[in-house]
Amino acid sequence: MAASGARMSARALLSMTGDLGVEAVAYSELAGRIRVLIADGRIPVDTRLPSERELAAGAGRSRTTIVATYQALRESGHLVSRRGSGSRASLPHLAEVSKRPGRAVDFAGSVPPPVDGLSELIAETVAALPDITAFPGFDLLGQDALREAIADRYTDRGLPTSPDQIIVTTGGQHAISLTAHTLIRRSDVALVESPTYPHAYEALQRAGARLVASPVTAEGWDVPHLLGLIAQTRPRAAYLIPDFHNPTAASMDPEDRARLAHAARAVGTTLVVDEATVDLDIDRPWDNGPFARHALPHTADGPGVITLGSLSKSIWSGLRIGWIRADAAVVRRLVQARPAGDLGTPPIEQLIGERVVRRLDELVPARRRLLREHRAVLGEALHRRLPQWTMPWPDGGLSMWVQLDRPASSALAAACRARGISLMAGPKFSIDGSLERFLRLPFTSPTADLDAGVAILADAWAELGDVRLAAR
Ligand SMILES: Cc1ncc(COP(=O)(O)O)c(C=O)c1O
């Protein structure tokens, strides 16, 4: 990728647009390919493109074709030509955005607001604050009372658990990275879903894993593929989100959970099951309890299931309370490995966390009501303004995994950025840059933003026209 403000040679540009001479690509097609490269940032704004003469010679095309291409790009606002400084990449809405009042719409994060009733619980906790000198400053394991509350909740949900099977972390992401760094040795194979939660595969890669991926759609897992891949690659770990999967919102059938646990155990794979989204049930007709009910415990001669949890999605991401449930011996290894990355979860947050976990059944219904209402607003807006997109209806979770009618998710994200909307395009959720036909749309923003955001999305989509991704 060229640096912004740099000059780009004809050769560099043609390596991104594909061979024009052989394909006899029309000027409008070439302009379309260059627009996408600019829109998704592979040609940074302000890059100086090659002169018309240089590009014509390099591409083996007539000067007239290239002149028409640049003219089309100028007309759509993707090129600004000035005497003396050549033709520079631009985005059509840059000028407008800088003038636009109001706040940006966030479709990138899936971060719901604090749950109703949380402020009262925080106030209650602070009012009753015990003598904090009684707590250690660095707490690598987590407070007993919170670990007991978390263990009791698993037990109540059908998975007997004792506090020594729980380590409290500084959020779910920390739980993922601590698990990855403890479990993975350099070049171990780790299996992930595709799509999956991006910061999870990043953490696994950073721990040294070689990733393999098995597909998930809004309809669910390709179970034969998943079981086949486990048998074939015998991964050290498989990271899965079986309840209200991020980003597809799919949930894995109970029978498939048992088959998966069995297949993993047969080849020595540890299942790392992320249940950060498990409470986000809007109207799923069943609840099968924690995934680990299907697995035998971790033993010296065999792997088990490591379960990750978090209060971020059900309660508030600002609390930064997560946890790992594993066999007690594994918990001890996690505690030993922890100081390299983090020296403990703050004590006051843990005190709040304990009250929250003990009252989850009272608090979570408000979260579900909010998600139900927001899902309806986003669904209605998409149905009205973008009927050509396929919109699976999630029965829980925080987002819709919509299928576009053209593979141009990255181009849309780039075009939206210029209009004040942040989006995470489909490829962000895959380990290989595929999934251009998909887009995750969270319904966590205020409802007015959801509606306004979809109007801008529809506008941007129409304007992208039938631009296609260049030579992917
Ligand atoms: C599936 C999943 N796991 C874990 C996390 C991390 O959340 P936190 O670190 O806020 O607990 C997220 C956040 O988006 C997520 O979607």
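Residues numbered from 1 in each chain as written. Predicted model: local features only at pLDDT ≥ 70, side-chain atom pairs only at ≥ 80, totals over all residues. Heavy atoms only, no water.

Here's the deal with the nonpolar core
So, point 1. Of all hydrophobic cores here, the largest spans 47 residues; its most connected members are I150, L260, L271, L311, I315 and V356.
So, point 2. Both domain 2 (98-110 + 362-464) and domain 3 (137-358) contribute no fewer than three residues apiece to this core.
So, point 3. Beyond its immediate chain neighbours, meaning those up to four positions away, I150 contacts I166, V168, W323 and V357.
So, point 4. Counting residues in hydrophobic clusters, the runner-up holds 35 residues, among them V36, A408, F443 and W461. (Core = buried A, V, L, I, M, F, W, Y, C linked by side-chain atoms within 4.5 Å. Buried < 20%, exposed > 50% of the residue type's maximum accessible area, 1.4 Å probe, protein only. Domains from an automatic or database assignment. Contact = heavy atoms within 4.5 Å.)

So, helix α8 (residues 144-156)
Helical geometry: 3.6 residues make up each α-helical turn, so side chains three or four residues apart lie on a common side.
So, point 1. The end-to-end C-alpha distance of α8, which contains 13 residues, comes to 18 Å, matching closely the 18 Å that a straight helix rising 1.5 Å per residue would cover.
So, point 2. Those residues of α8 that sit buried are L146, R147, A149, I150, A151, R153 and Y154.
So, point 3. Contact partners of the buried residues in α8: β4 (166-169), β10 (305-310), β11 (322-325), α14 (347-358) and α15 (360-385).
So, point 4. Phi turns positive one or two residues past the end of α8, at G158, with a value near 100 degrees. (Helix = DSSP H or I, 4+ residues; strand = E, 2+ residues; numbered from the N terminus. Expected span 1.5 Å × (residues − 1).)

Digging into the site of the ligand
So, point 1. The full set close to the ligand counts 13 residues, and G172, D274, S310, S312 and K313 are the nearest of them.
So, point 2. Contact distances for the ligand include 2.6 Å between an oxygen atom and a side-chain N or O atom of S310.
So, point 3. Here an oxygen atom of the ligand and a side-chain polar atom of S312 are 2.6 Å apart.
So, point 4. In the complex, the protein chains occlude 92% of the 400 Å² of accessible area that the ligand would expose alone.
So, point 5. Judged by the fraction of its atoms near the pocket grid, the ligand is located in the largest pocket.
So, point 6. Top element by residues in the shell around the ligand is helix α9 (residues 172-183). It accounts for three residues.
So, point 7. When the residues that make up the shell around the ligand are grouped by side-chain class, the tally is four nonpolar, six polar and three charged. (Near = heavy atom within 4 Å. Polar contact = N/O pair within 3.5 Å; in protein donor to acceptor, adjacent residues only side chain to side chain. Areas by Shrake-Rupley, 256 points an atom, 1.4 Å probe, with all protein chains shown as cover. 1 Å grid on protein atoms, 1.4 Å probe; cavity = no way out; pocket = protein on both sides within 12 Å on 5 of 7 lines; lining within 4 Å. Sits in = over half its atoms within 2 Å of the grid points. Nonpolar A, V, L, I, M, F, W, Y, C, P; charged D, E, K, R; others polar.)

Brief notes about the packing of α9 against helix α10 (residues 198-206)
So, point 1. One way to put it is that α9 packs onto α10 with a least axis distance of 8 Å and a crossing angle of 30 degrees. Regarding the angle of α9 to α10, the classification is roughly parallel. For the element pair α9 and α10, the recorded crossing hand is right-handed. Each of Q173, I176, S177, A180 and H181 in α9 lies in contact with α10, whose residues at this interface are H199, A200, A203, L204 and R206.
So, point 2. In terms of residue class, the contact of α9 with α10 is made up of five nonpolar, four polar and one charged. (Axes fitted to C-alpha atoms, helices over the stretch in contact; angles between N-to-C directions. Parallel < 35°, antiparallel > 145°, perpendicular 65-115°, else oblique. Left-handed = near helix turned anticlockwise from the far one by under 90°.)

Structural notes on the domain arrangement of the chain
So, point 1. Annotation of the chain at the domain level lists domain 1 (10-92), domain 2 (98-110 + 362-464) and domain 3 (137-358).
So, point 2. Here the C-alpha centre of domain 3 lies 47 Å away from the C-alpha centre of domain 1.

Here we look at the sheet that holds strand β8 (residues 237-240)
Strand pairs in the sheet, formed through backbone hydrogen bonds, run parallel or antiparallel to each other.
So, point 1. The sheet built from eight strands is open, its strands ordered β4-β11-β10-β9-β8-β5-β6-β7 with mixed pairing. Both outer strands of the open sheet, β4 and β7 (220-221), are each paired with one neighbouring strand and no more.
So, point 2. As defined by bridge partners, β10 adjoins β11 across four bridges and the pair is classed as antiparallel. Residue L308 lies in a different strand from β11, and its bridge partner there is I324.
So, point 3. α8 rests against β4, β10 and β11 of the sheet, and its axis sits at about 120 degrees to β4. (Pairing = 2+ DSSP bridges.)

What to know about unusual backbone geometry
So, point 1. Each neighbour pair has its own omega, and for S194 with P195 the value is 5 degrees, a cis peptide bond.
So, point 2. As for its position among the elements, P195 is in the loop between β5 (189-194) and α10.
So, point 3. The residue R234 is not glycine, and still its phi comes out positive at about 40 degrees.
So, point 4. Tracing the backbone through its elements, the reader meets R234 in the loop between α11 (223-233) and β8.
So, point 5. In this structure R234 comes out as exposed when scored by relative accessible area, which is 52%.

A short note on the packing of helix α1 (residues 10-17) against helix α3 (residues 27-39)
So, point 1. Between α1 and α3, the least distance of the axes is 10 Å, while the angle of their chain directions is 95 degrees. Overall, the two elements α1 and α3 adopt an arrangement that is roughly perpendicular. Along the contact surface, α1 presents L13, M16 and T17, while α3 presents L30, R33, I34 and L37.

Topic: the sheet that holds strand β13 (residues 421-425)
So, point 1. One open sheet accounts for four strands, arranged β3-β13-β14-β12; its pairing is mixed. Looking along the sheet, the strands with just one partner apiece sit at the ends: β3 (105-107) and β12 (399-403). Direction aside, neighbouring strands of the sheet carry axes that sit 25 degrees apart on average.
So, point 2. Sheet analysis places β12 next to strand β14 (residues 438-442), joined by five bridges and oriented antiparallel. Within the sheet, the bridge partner assigned to S399 lies in β14 and is P442.
So, point 3. Its contacts with the sheet put α15 on β3, β12 and β14, and the angle it makes with β12 is roughly 20 degrees.

Notes on the layout of surface pockets
So, point 1. In this structure, the largest pocket spans a volume of roughly 450 Å³.
So, point 2. Around the largest pocket, the lining comprises 27 residues; the ones closest to its centre are Q173, Y197, H199, N246 and K313.
So, point 3. Taken together, the elements giving at least two residues each to the lining of the largest pocket come down to α9, α10 and β10.
So, point 4. Looking at the lining of the largest pocket, its residues break down into 11 nonpolar, 12 polar and four charged.
So, point 5. Both domain 2 (98-110 + 362-464) and domain 3 (137-358) contribute no fewer than three residues apiece to the lining of the largest pocket. (Points joined across faces, edges and corners; volume = space filled by probe spheres on them.)

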